[in-house]
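Chain residues, written in single-letter form:
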Amino acid sequence: MAFEAVLTRNIRKPGSDGIDSYLASGGYQGLRRILKETAPERLVDEVKNSGLRGRGGAGFPTGMKWGFLPKTKDRPRYLCVNADESEPGTFKDRLLIEKDPHLVLEGIILSAYAIECQLAFFYIRGEFHQGYRTFERAVGEAYAKGFLGKNIQGSGYDLDILIYRGAGAYICGEETALLESLEGKRGYPRIKPPFPAVVGLYGCPTIINNVETLANVTLIAERGAAWFASIGRPPKNTGPKLFCLSGDVKRPGVYEAPLGVPFLELLNEYAGGMAHPDRPLKAAVPGGSSMKILPASKCDVLMDFDSLAAAGTSLGSAGGIVMDSGTCMVAALLNIARFYAHESCGQCTPCREGTGWIVKILSRLERGEGRREDVGLLADIAVKIEGNTICPFGEAIAWPVDSYVKTFRDEFEEHARRGACPMRPATVR
Amino acid sequence: MDDTSPPPHSPNLPRPPAGAAGAAPQPGPDEVALVIDDRPVVVKKGTTVLQAAEKAGLLVPHYCYHPGLSIAGNCRMCLVEIEKVPKLQIGCATVVAPGMVVRTGNERVRTVRAGIQEFLLINHPLDCPICDQAGECRLQSYEKDYGRGVSRFVDEKVHSPKRYDIGRSVVFDGERCIKCTRCIRFCDEISESHELALFQRGDHAIIGTFPGKPLDNPYSGCTVDVCPVGALTWKPFRFKSRVWFLKNVPSVCAGCARGCNVYLAAFRNRLHRMTPRANPDVNAYWMCDAGRQSYAALYERPRLERPVVRPSAAAWDAAFDRAAELLRGVAKSRGAGALAGIVSARLSVEDLHVSRKVLGDLAGISRLAVPPHEDGADDELLIRRDKTPNARGARLIGVGGPSAGRVKEIVDDVAAGRVRGLVVVGEDLLELPGVTTALLDRLDVLIVIDWWKSPTVERAHVAFPACGYGEFEGTMVNFQGRVQRLRAGVRPAGEADPVWRILRDLGRRFDLTSEYATPAAIFDEVAATVPAFRGLSYKVLGETGAPAAEAVAGEAYAGGAPAVGGAGLAGSIAPAGS
Amino acid sequence: MTVPVRPETDRKIDALLGRYPKKGSALLPALYLVQEEKGHVSDESMEYVAGKIGVSPAFVAGVVSFYTMFHRAPVGRHHIQVCRTLPCALRGADELMRHVQARLGIRDGQTRPDGKFSLVSVECLAACDRAPFIQINDREYGPVDAAAMDDILKGLE
């Protein structure tokens, strides 16, 4: 069965970011129907039954997350859209925001309706200037046409949305750090429990969902849970997915395919294969730089949550980064270690001190001042960080260090042995 | 557990012998039963694992947790294993659940702890030999108990602003800081002055202030108390003494009517610092900067070290005899009404009891006045406008509370020549309104008992050297009506003696028969004769004091919790389960 | 204290104070408004914003220093941000950065003395399919190689 692109069906149309184009292609029909015919709890069930799992990186079942909201309504509920896309290798949310904002917005309104909230926040990373302007315009259009504000489409449901700009901090993509930032503070992740569904924004029950997740809610409302669950690899890995491919490929880009598409198919058919014919695949990170790396020999794998977990890595944000034989793995790890050291919020001991330490060791290794024991030391630092931090940033640095060193141990030891990078000059290439 | 005293760091206690525990206690309706390191423990609902472990006699090491501050959970030192939970959990933030099984010292936990220690030390400067915190430093103590003792870090450490005045009296060393945020939380939650914040992120994160707005609140010294390492140090104490040489004596501050519980720390018979001692009913874990430095006056003013019979030093007996003679002389020639006494509310209950006995009953001085010393206002936390520590005690003991009116009466009578003889105990008259040297010169007899060579002492016909703060034992009654014990941290300078003993020996010249051998004995007499002190004794008072009984003339006890507004103090008392 | 921004900005900030369920949320948007007008956030501005929001100046300074997009000191008229993270590095971002530094005569983190250009390496801008990717103020360019960079700079000189 040929796969019908649904998430990206509008993006190539001229004016796709405007509401007229969106309405003309049948947009907001799902919302209209749901508001008229479907109680919020039923929509929650529909999303549960679809099998939709969060598209931000954790892959947590969306309907189940919504179900964690307390039954009592003594405090307002909030929906926060996580548009802080900052995981290296990931650029799919940007695509939706810039090219089909209404697909996202309809999903936001539907989700807010489902969780019975009256105020939603769109937290967008500060660097997305174009995305901010585009989405702001889209929100204005939605208000003007009665899809936001009071008594939406005559349903009696009210919803307002506020767009909030981040200011340059990867950690604010973590749910509770996002909330802290939204409250006007330093983006420090909170201790959990309590979880946001119970104690979230301003202490009130809050759901945080990724942009792509919410776009999928639009599709589920439009076509039903059964349709959604038939795509991909049911029952646990359902739906269409946006996959990002970057690095040493001919055609880096966002590609829509069902969950479970083979990685090699994405690489060779969608992205045109390796960028340089004389430099074969060496390694790939399937889900953003935080996920464990796969050597070429293990890249024959299906791109869904459970298959990649079984392969010892993770789908994450589906930000696939491809590295060819010209890549020095020590330099590559050093590059992303610097990312994590720069982005560590600094709140808790293992991450704050460990990320800086890892960079220092890798720097020495790469410039030829590494010692034999540095390789084992790196691995042990990763062990001491993983599981001991306030938030998953600890895993985000520990997993790459652990997997690069395990998978390419020879290369790391060679740097120490030789007192130089075997692939001089000392850049990633 | 007292979290501010120089911590006697105690490693985990030995396990109780098998079988000794017997049947596990049953939890009540508001309680939870759990097991920690094979010890059954029952605590109130809402208690954290760390607090429950404390109750079971186990120390879970921690840096950022402080019972008087909100939970931060950032140091990760208190990670413990909870059965059926895959990841280790921080004990400070995990609330106990029925049937929970916790392990605080197995190999997995100890390995992680050693890891945390290593991380904390990689950018920490090797300052121990020059750092004041050595000996009461958590990083040091925990490294000894939980660390591997070696570091695998061979790179350049992160450097930070080091050793600068972050406030009037607080020095900050950014390199020693472990970013536990206790100091920030203190300034936000307790002093509510918000001068401190964290700047930047990652391993460059650093505590700081806004330019031009230093750490300047009246409780800034408490940030030094809560700092687990030597990042924040108290300027007057820097390099003065190694803490393991200090002898700590529990006492009470005499800077105002709050009577914050303190430790006096002395080395070689010299007081080097005062630090707060936890008392949930009086001062929680805190004290103000003025109080913290209040011992310093002992060394800043010239001491009166020997009795004086003007113009020269004299022997005690000679001085007592002369004083008695002078007082009798005035009484005889002008009548007892020509004598008056000024006694201080800075004196102890014992001092004041003997004052009333000797001066009032025996020497015939019917008028005793207590000068008020008020400054500023009561703040929302600890500071009282009344700067005397025992005003309430003076009232209860029958000497009368501070009264500007009564003092003025006496002063006016001196000016008018109706009062010819004055006994002054513990006050510098020239500080009082309307008192001039000329006025003092009108007196025929001026007897002074004080600890320093005040201008009043200089004009006395007979002067007796008294103990200063920190040199005497006794009790005082704070503004709440709480009776608290003071202890001496140092021996008195020169020949100085406690006020009660000086007055006792003067009293012998007036046929005083009471033995008054010790302050405890005097207090026992007070307890037997003064209704407000009924049922009390030094033993009953213990280290944290006790309320005076419902007393006469509306002097009821002002309640158990400190009378403060806002979340400031009330929220900082150790929570349920402790 | 004197208000360090134009009345119009002051009014906009006042409008922010009532927009969110809790006033504290107005901090980041207020800082953006100040920076929009003045190009950076000075100590004076931080104290002013602190007063508006009802937090301490130290708190505001701590927030400003946490986020990379708030500048405590003025940046160049053209603030060039070059992504350095792995996907861009794999496509030549390191060489691009070296090239820009050489062309402008300044290093990463510096502003040219004439104030026209400042240069900073930034982390992933979520445009890895257009690597090497850069932003100049709020405009995007990618993929950018040395030649393309020269064209862009020429246009801005």
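Residues numbered from 1 in each chain as written. Chains lettered and ligands numbered in written order. Predicted model: local features only at pLDDT ≥ 70, side-chain atom pairs only at ≥ 80, totals over all residues. Heavy atoms only, no water.

Engineer: Could you clarify how one ought to interpret the overall build of chain A in this entry?
Structural biologist: Scanning chain A for helices and strands turns up 17 helices and 13 strands. In summary, chain A has a C-alpha radius of gyration of 22 Å against a globular reference of 22 Å for 429 residues, a match within 12%. Residues counted as buried form 67% of the 429 residues belonging to chain A. At a minimum sequence separation of 6, the contacts of chain A that also span at least 24 residues come to 71%. (Helix = DSSP H or I, 4+ residues; strand = E, 2+ residues; numbered from the N terminus. Rg over C-alpha atoms; globule rule 2.2 N^0.38 Å. Buried < 20%, exposed > 50% of the residue type's maximum accessible area, 1.4 Å probe, protein only. Contact = heavy atoms within 4.5 Å.)

Engineer: Looking at this model, I keep getting lost on helix α9 (residues 349-362) of chain B. Mind explaining?
Structural biologist: Because an α-helix completes one turn every 3.6 residues, residues spaced three or four positions apart along the sequence face the same direction. Residue and element names in this part refer to chain B. In a regular helix each residue adds 1.5 Å, so 14 residues correspond to 20 Å; α9 covers 18 Å between its end C-alpha atoms and thus fits that length. Among all positions of α9, only Val 349, Glu 350, Asp 351, Leu 352, His 353, Val 354, Ser 355, Val 358 and Leu 359 are buried. Where α9 ends, the next residue or the one after it, Gly 364, has phi of about 75°, a positive value. (Expected span 1.5 Å × (residues − 1).)

Engineer: Can you walk me through the side chain of Thr 313 of chain A in this structure?
Structural biologist: Within the secondary structure, Thr 313 of chain A is located in the loop between α12 (305-310) and β13 (319-324). Separated by 2.7 Å, the side chain of Thr 313 of chain A and the backbone oxygen of Lys 292 of chain A make a polar contact. (Polar contact = N/O pair within 3.5 Å; in protein donor to acceptor, adjacent residues only side chain to side chain.)

Engineer: How do you make sense of the environment of Thr 544 of chain B when you look at a structure like this?
Structural biologist: Residues and elements named next belong to chain B. Topologically, Thr 544 is positioned in the loop between α16 (538-541) and β23 (546-547). Put simply, Thr 544 and Val 252 are 292 residues apart on the chain and 9.3 Å apart in space, counted from C-alpha to C-alpha. If we ignore the near neighbours within four places in the chain, the residues touching Thr 544 are Asn 261, Ala 278, Asn 279, Arg 482 and Gln 484.

Engineer: In this structure, what is going on with the packing of aromatic side chains? I would like to understand it.
Structural biologist: The description of two aromatic rings rests on the distance between their centres and on the angle between their planes. The final tally for this structure, using the stated rule, is 36 aromatic pairs over all chains. Ring geometry for Tyr 164 of chain A and Tyr 20 of chain C: centres 5.7 Å apart, planes at 80°, overall edge-to-face. Of the two residues, Tyr 164 of chain A sits in strand β3 (residues 160-165) while Tyr 20 of chain C sits in the loop between α1 (7-17) and α2 (27-38), which places them in two different chains. Note on accessibility: Tyr 164 of chain A and Tyr 20 of chain C belong to one class, buried. Joined through ring pairs, the aromatic side chains of Tyr 188 of chain A together with Tyr 32, Phe 66, Tyr 67 and Phe 70 of chain C make up one cluster. Directly above the ring of Phe 66 of chain C sits Arg 201 of chain B, whose terminal nitrogen or CZ lies 5.6 Å from the centroid. (Phe/Tyr/Trp six-rings, centres within 6.5 Å; stacked < 30°, edge-to-face > 60°. Lys NZ or Arg CZ within 6 Å of the ring centre and 35° of its normal.)

Engineer: Is there a simple way to think about the confidence of the model for chain C in this case?
Structural biologist: Detailed reading of the predicted model is not advised wherever pLDDT is low. Taken over all residues, the pLDDT of chain C has a mean of 97, while the share at 70 or more is 99%. Scored as a whole, the predicted complex attains pTM 0.95, and scored at its interfaces, ipTM 0.98. (pLDDT = per-residue confidence, 0-100.)

Engineer: What is the right way to look at the nonpolar core in this model?
Structural biologist: Within soluble globular proteins, side chains that are nonpolar generally end up buried alongside one another. Among the nonpolar cores identified, the biggest contains 199 residues, and Phe 121, Met 323, Leu 362, Tyr 404 and Phe 412 of chain A together with Leu 34 and Trp 286 of chain B are the most heavily contacted of them. Ranked by residue count, the leading element in this core is helix α13 (residues 329-343) of chain A, at 10 residues. Dropping the residues within four chain positions of it, Leu 362 of chain A is found in contact with Val 330, Leu 333, Leu 334, Ala 337, Leu 378 and Phe 412 of chain A. Counting 65 residues, the second largest nonpolar core, distinct from the first, contains Leu 79, Phe 128, Ile 207 and Ala 221 of chain A. (Core = buried A, V, L, I, M, F, W, Y, C linked by side-chain atoms within 4.5 Å.)

Engineer: I'm lost on the interface of chain A and chain C in this one. Help?
Structural biologist: For an interface, size is often stated in terms of accessible area lost upon the parts coming together. In this assembly, 59 residues from chain A lie in contact with 42 residues from chain C. Summing the contributions of chain A and of chain C, the shared interface buries around 3900 Å²; its carbon and sulfur component is 59%. Here chain A is connected to chain C by 2 salt bridges. The salt bridge partner of Asp 138 of chain C is Arg 133 of chain A, with a shortest N-O separation of 3.2 Å. Where chain A meets chain C, there are 21 residue pairs in polar contact (both at pLDDT 80 or more). For the side of chain A that touches chain C, the secondary-structure elements that each account for two or more residues are α5 (92-99), β2 (119-124), α7 (129-144), β3, α8 (175-182), β7 (240-247), β13 and α13 of chain A. At 7 residues, α13 of chain A tops the list of elements feeding residues into the side of chain A that touches chain C. A class-by-class count of the residues in the side of chain A that touches chain C yields 27 nonpolar, 17 polar and 15 charged. (Buried area = accessible area lost by both parts, 1.4 Å probe. Salt bridge = Lys/Arg side-chain N within 4 Å of Asp/Glu carboxyl O. Nonpolar A, V, L, I, M, F, W, Y, C, P; charged D, E, K, R; others polar.)

Engineer: I tried to follow the interface of chain A and chain B on my own but got confused; where do I start?
Structural biologist: Each side of the interface is counted separately: chain A has 34 residues, and chain B has 35 residues. When the two sides are added together, the surface that chain A and chain B hide from each other amounts to roughly 2800 Å², 53% of it contributed by carbon and sulfur. Taken together, the links from chain A to chain B amount to 3 salt bridges. The partner of Arg 201 of chain B in a salt bridge is Glu 343 of chain A, and the shortest N-O contact between them spans 3.1 Å. In this structure, the connection of chain A to chain B is made through 16 residue pairs in polar contact (both at pLDDT 80 or more). Elements supplying a minimum of two residues to the side of chain A that touches chain B: α13, α14 (349-366) and α15 (372-385) of chain A. With 10 residues, the single largest contributor to the side of chain A that touches chain B is α14 of chain A. Its residues assigned to classes, the side of chain A that touches chain B comprises 13 nonpolar, 11 polar and 10 charged.

Engineer: Honestly, empty space enclosed by the protein in this entry has me stumped. Any pointers?
Structural biologist: Where empty space is left in the structure can be found by rolling a water-sized probe over the atoms. Residue and element names in this part refer to chain B. Taken as a whole, this structure holds 7 cavities of 30 Å³ or more when the rule is applied. Each pocket or cavity is described by its volume, and for the second largest cavity that value is around 80 Å³. Looking at the second largest cavity, it is lined by 14 residues, and the ones nearest its centre are Cys 177, Cys 180, Cys 183, Cys 227 and Pro 228. Among the residues making up the lining of the second largest cavity, the classes are represented as 11 nonpolar, 1 polar and 2 charged. (1 Å grid on protein atoms, 1.4 Å probe; cavity = no way out; pocket = protein on both sides within 12 Å on 5 of 7 lines; lining within 4 Å. Points joined across faces, edges and corners; volume = space filled by probe spheres on them.)

Engineer: In this structure, what is going on with the sheet that holds strand β12 (residues 261-267) of chain B? I would like to understand it.
Structural biologist: Hydrogen bonds along the backbone pair up the strands of a sheet, which may run parallel or antiparallel. Residue and element names in this part refer to chain B. The strand order across the open sheet formed by 3 strands is β11-β12-β13, and the pairing between neighbours is antiparallel. Strands at the two margins of the open sheet, each flanked by one partner only, are β11 (247-252) and β13 (270-276). Direction aside, neighbouring strands of the sheet carry axes that sit 30° apart on average. Pairing geometry for β11 and β12, over 6 bridges, is antiparallel. Directly across from Ser 251, in β12, lies its bridge partner Val 262. (Pairing = 2+ DSSP bridges. Axes fitted to C-alpha atoms, helices over the stretch in contact; angles between N-to-C directions.)

Engineer: Sorry, what's going on with the environment of Ser 246 of chain A here?
Structural biologist: Looking at the element boundaries, Ser 246 of chain A is found in strand β7. Taking C-alpha positions, Ser 246 of chain A is 15 Å from Pro 280 of chain A, a pair spaced 34 residues apart along the chain. Those residues in contact with Ser 246 of chain A, other than ones at most four positions away along the chain, are Gly 89, Phe 91, Pro 252, Gly 320, Ile 321 and Val 322 of chain A together with Pro 87 and Cys 128 of chain C.

Engineer: Help me out: how do you make sense of the pairing of strand β1 (residues 78-83) of chain C in this one?
Structural biologist: Remark: a regular strand shows side chains that alternate across the two faces of the sheet. Residues and elements named next belong to chain C. Counting buried positions over the 6 residues of β1 gives 6, a clear majority of the element. Alternating residues of β1 divide into His 78, Ile 80 and Val 82 and His 79, Gln 81 and Cys 83, and every residue in both groups is buried. Relative to strand β2 (residues 117-122), β1 is paired through 6 bridges, and the arrangement is parallel. The residue bridging Gln 81 from the neighbouring strand is Val 120, located in β2. For β1 and strand β3 (residues 134-136), the ladder comprises 3 bridges, and the chain directions are antiparallel. Residue pairing for β3: Val 82 is matched across the bridge by Ile 134.

Engineer: Sorry if this is basic, but what is going on with the domain arrangement of chain A here?
Structural biologist: All names here are of chain A. Once the domains are mapped, chain A shows domain 1 (19-230), domain 2 (240-324) and domain 3 (329-418). Using only C-alpha atoms to locate each centre, domain 1 and domain 2 end up separated by 27 Å. Between domain 1 and domain 2, the residue contacts involve 19 residues of the former and 20 residues of the latter. Together, the buried faces of domain 1 and domain 2 total about 1500 Å²; carbon and sulfur atoms form 61% of this surface. One can count 2 salt bridges joining domain 1 with domain 2. For Arg 53, the salt bridge is made with Asp 306, and the minimal N-O distance between the two is 3.5 Å. The tally of links between domain 1 and domain 2 comes to 9 residue pairs in polar contact (both at pLDDT 80 or more). Within the residue set of the side of domain 1 that touches domain 2, elements represented by two or more residues are α5 and α9 (211-223). Partitioned by chemical class, the residues of the side of domain 1 that touches domain 2 number 7 nonpolar, 7 polar and 5 charged. (Domains from an automatic or database assignment.)

Engineer: Where do I start with the environment of Asp 114 of chain C in this structure?
Structural biologist: Residues and elements named next belong to chain C. Relative to the helices and strands, Asp 114 resides in the loop between α6 (93-104) and β2. Residues Asp 114 and Gly 76, 38 residues apart in the sequence, show an inter-C-alpha distance of 8.5 Å. A distance of 2.6 Å separates polar atoms of two side chains, one belonging to Asp 114 and the other to Arg 112. Of note is the side chain of Asp 114, whose polar atom sits 3.0 Å from the backbone nitrogen of Lys 116.

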